[in-house]
Every structure is written in structure tokens, then in C-alpha cells.
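Analysis of the macromolecular model
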Amino acid sequence: MEQLLSFIQIYAALSSEEIEVLKEYIQTEKINAKDYLLQQGMVCEKLFFIFEGVVRIFHIDKEGEEITTHFYNENHFALDVVSYQNKIPSTKSIQATIDCKAIVISREADLLLSEKISKWNELKSLISNESLIDKFNSTSELLHNDAQTKYLNFLRIYPDIIQ
């Protein structure tokens with residue numbers, strides 16, 4: 001919980017009352033390696049804040065191959081934003097690569113937090129923008145760096161994956 005609060009405080013200061021409201025509506029979950037947070041074809045109904053471990057985002061192509069497009073580690077939200085916002089089936093899966101711990105916010109809790117914490121929607125927007133910038137930067141790095149540099153950066157960012 002403290003990691004989420006520290007993360008949120010980067011974007012907006014919450015009052016002690018707002019922090020108590022937030023605590024009321026969130027849950028902590030342990031996610032085992034290889035468990036799914038979201039499977040392709042399902043509607044994304046939860047926001048996951050990863051505070052321990054690493055998850056991967058992937059889709060299955062026409063040949064049935066898994067194509068990993070991104071990893072999220074500690075202090076990142078993991079969800080399919082398009083599926084979540086539009087309530088449509090996801091084109092992606094999210095799977096724990098190693099044992100994880102996450103703070104989970106259901107869609108219902110998210111809506112209630114929007115009503116009870118005045119800064120909630122603005123906060124989500126700021127976090128979403130930051131996530132898009134991170135995704136753009138990592139994609140750019142993949143396109144412009146040589147294989148050795150990509151691998152060394154991957155090991156630096158996700159040391160727990162290689163065991």
C-alpha cells in the first residue's frame with residue numbers, strides 16, 4: 001500500500017481522508033508466476049498496480065504464436081487501457097512472469113473512487129500519460145538499439161526475470 005501511495009504522491013497530494021477512502025476500495029493480491037491477470041478476448045475489469053514482480057503483455061498472432069510486446073515491473077500499472085475504457089474484449093493478455101504482488105482496483109471501486117476523491121480522474125490521466133511516454137521510449141529503444149544493447153538494458157530493468 002505504501003508503494004502505491006508514494007507513487008500517487010508523485011502526481012497529486014491526497015489528503016489523509018482521501019488516503020483512507022483509497023484504502024477502503026483497494027485489495028492486495030498475490031499472483032503466482034504464469035497466472036493471468038487478463039486473457040485475450042476478455043474485458044479488462046481491473047487496474048493492477050504491480051508492487052513486486054514482473055508481468056508481460058502479449059498477444060497471440062494468426063499462427064498461434066505468443067508475441068510479447070511489453071513488460072511491467074514494480075511501480076507500474078498493468079492493464080489493457082482500450083479494453084478497460086471501452087468495455088470491449090482485450091486483444092492482449094497479461095501474465096505474471098514471476099511471482100508478483102499487486103494492488104487491485106476493480107472497475108466498481110474505480111468508479112466510486114472517482115466520486116469520492118476529487119483528483120482521481122486527473123491522477124489516472126497523468127499516470128496514463130506517463131505510461132504512454134514510457135511505452136514510446138521503450139519501443140523507440142527497441143527500434144534503434146543493437147541486439148546487445150537491448151539485451152543489456154533488458155537485464156538492467158528486469159533482473160528478476162532471468163533466473
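The sections below set out a description of the structure shown in this document.

The rules behind these values
Residues numbered from 1 in each chain as written. Predicted model: local features only at pLDDT ≥ 70, side-chain atom pairs only at ≥ 80, totals over all residues. Heavy atoms only, no water. Buried < 20%, exposed > 50% of the residue type's maximum accessible area, 1.4 Å probe, protein only. Helix = DSSP H or I, 4+ residues; strand = E, 2+ residues; numbered from the N terminus. Arc of directions from axis to C-beta. Core = buried A, V, L, I, M, F, W, Y, C linked by side-chain atoms within 4.5 Å. Contact = heavy atoms within 4.5 Å. Pairing = 2+ DSSP bridges. Axes fitted to C-alpha atoms, helices over the stretch in contact; angles between N-to-C directions. Salt bridge = Lys/Arg side-chain N within 4 Å of Asp/Glu carboxyl O. Phe/Tyr/Trp six-rings, centres within 6.5 Å; stacked < 30°, edge-to-face > 60°. Lys NZ or Arg CZ within 6 Å of the ring centre and 35° of its normal.

1. Concerning helix H1 (residues 2-11)
Within H1 the residues assigned to the buried category are Leu 4, Leu 5, Phe 7 and Ile 8. Projection of H1 onto a plane perpendicular to its axis shows the buried side chains occupying an angular sector of 160°, all on one side. Exposed and facing more than 90 degrees away from the buried side of H1 are Glu 2 and Ile 10.

2. A closer look at the nonpolar core
Formed by 40 residues in total, the largest nonpolar core has its most connected members in Leu 4, Leu 22, Phe 48, Val 55, Phe 77, Leu 113 and Trp 120. Once residues within four sequence positions are removed from consideration, Phe 48 is found in contact with Glu 29, Ile 31, Leu 37, His 76, Phe 77, Ala 78, Ala 102, Ile 103 and Val 104.

3. Re the pairing of strand S4 (residues 55-60)
In terms of strand pairing, S4 meets strand S5 (residues 66-72) through six bridges, oriented antiparallel. From the neighbouring strand, Ile 60 faces S5, where its bridge partner is Glu 66. What sits between S4 and S5 in their antiparallel hairpin is a turn of five residues, with Gly 64 showing a positive phi close to 85°. In terms of strand pairing, S4 meets strand S7 (residues 93-96) through four bridges, oriented antiparallel. Residue pairing in the sheet places Val 55 in a bridge with Ala 96 of S7.

4. Quick word on the sheet that holds strand S2 (residues 36-38)
Ordered in space as S2-S7-S4-S5, the four strands form an open sheet in which the pairing is antiparallel. In this open sheet, the two edge strands, each paired with only one partner strand, are S2 and S5. Within the sheet, the average angular offset between the axes of one strand and its neighbour, ignoring direction, is 30°.

5. Digging into the pattern of salt bridges
Enumeration over the complete set of coordinates arrives at seven salt bridges. With a shortest N-O distance of 3.7 Å, Glu 20 and Lys 23 are connected by a salt bridge. In this pair, Glu 20 and Lys 23 are both assigned in helix H2 (residues 16-25), three residues apart and thus about one turn of the helix distant. For Glu 20, a relative accessible area of 46% puts it in the partly exposed group.

6. Remarks on the packing of aromatic side chains
Following the criterion strictly, the structure yields four aromatic pairs and no others. Considering the side-chain rings of Tyr 36 and Phe 58, the 6.2 Å spacing of their centres and the 50° angle between planes classify their relative orientation as tilted. Here Tyr 36 is found in strand S2, whereas its partner Phe 58 is found in strand S4, with 22 residues between them in sequence. A network of ring pairs unites the aromatic residues Phe 7, Phe 49 and Phe 77 as a single cluster. We note Arg 56 situated over the ring of Phe 58; from NZ or CZ to the ring centre the distance is 3.8 Å. The ring of Tyr 84 has Arg 107 sitting right over it, with the charged end atom 4.3 Å from the ring centre.

By themselves, these observations are geometric and do not establish any function.
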